[in-house]
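Coordinate inspection notes
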Amino acid sequence: MQGITVQSPVLGAQVQGLLRELDDLPQEGKTSAALAVAASLLEYAAYEMAQSDEAREVARLILLAADMERTAQELRDKSQG
């Protein structure tokens, strides 16, 4: 896994901590949890971007986030049933 570059050392440490937490999850839950977290962060970025950037790019990020969350849910459902 590649290191994550962020502007804040504190945020970078928190991201690394989150990745360690994901590593500690049971194997069947790691992927869906990672996708759900990624979707939340992508949606956050889209809403922040909406304040100053082109609507088409924002819409694309929101759709990507929704697709990631849908995939995460499908994986959770598959692992439970």
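My aim in this report is to walk through the structure given alongside it, one point at a time. What you are looking at is a predicted structure, and each value in this text was computed from that prediction instead of being measured.

Rules used throughout
Residue positions are counted from 1 within each chain, in the order its sequence is given. Confidence filtering applies because this is a predicted model: local features only for residues at pLDDT of at least 70, side-chain atom pairs given and counted only at 80 or more, and all residues used for totals across whole chains, interfaces and linings. As a convention, hydrogens and water are excluded, and side-chain values are obtained from all of the structure's heavy atoms. Under the DSSP-based scheme used, a helix requires at least four consecutive residues in state H or I and a strand at least two consecutive residues in state E, with every element numbered from the N terminus. Take the residue count of a helix, subtract one, and multiply by 1.5 Å to get its expected span. Working definition: with a 1.4 Å probe on protein chains only, accessible area under 20% of the residue-type maximum means buried, over 50% means exposed, and in between means partly exposed. Here, residues are in contact when the closest pair of their heavy atoms is within 4.5 Å. Put simply, a salt bridge is a Lys or Arg side-chain nitrogen that is within 4 Å of an Asp or Glu carboxyl oxygen. Here the axes come from fitting lines to C-alpha atoms, over the contacting stretch only for helices, and the angles between their N-to-C directions go from 0 to 180 degrees. To sort the angles, those under 35 degrees are grouped as roughly parallel, those over 145 as roughly antiparallel, those from 65 to 115 as roughly perpendicular, and the leftovers as oblique. For any helix crossing, the convention is left-handed if the near helix is rotated counterclockwise from the far helix by under a right angle, and right-handed if that rotation is clockwise. When residues are grouped by polarity, Ala, Val, Leu, Ile, Met, Phe, Trp, Tyr, Cys and Pro land in nonpolar, Asp, Glu, Lys and Arg in charged, and all others, Gly among them, in polar.

Quick look at helix H1 (residues 9–24) now. Between its first and last C-alpha atoms H1 spans 23 Å; for 16 residues at 1.5 Å apiece the expected length is 22 Å, and the two agree. Of all the residues in H1, the buried ones are Gly12, Val15, Gly17, Leu19 and Leu22. On its buried side, H1 packs onto helix H2 (27–49).

Let us now look at the pattern of salt bridges. Pairs can form between side chains of opposite charge once their charged atoms are near each other. Per the counting criterion, the structure on display carries three salt bridges. One salt bridge in this structure joins arginine 76 and glutamate 69, with 3.0 Å as the shortest N-O distance. Overall, the relative accessible area of 22% leaves arginine 76 in the partly exposed class. Judged by its relative accessible area of 30%, glutamate 69 falls in the partly exposed class.

Structurally, the position occupied by leucine 41 is in helix H2. Judged by relative accessible area, which is 54%, leucine 41 ranks as exposed. A sequence separation of 24 residues divides leucine 41 from alanine 65, and the C-alpha atoms of the two residues are 8.3 Å apart.

This part covers the packing of H1 against H2. It is the contact of H1 with H2, at a shortest axis distance of 9 Å, that shows an interaxial angle of 155 degrees. Classified by the angle between their axes, H1 and H2 sit roughly antiparallel to one another. Crossing of H1 against H2: the hand is right-handed. Residue-level contacts link Leu18, Leu22 and Asp23 of H1 to Lys30, Ala33, Ala34 and Val37 of H2. Partitioning the contact of H1 with H2 into residue classes produces five nonpolar, no polar and two charged.

Interpretation note: all reported values are geometric properties and have no functional meaning in isolation.
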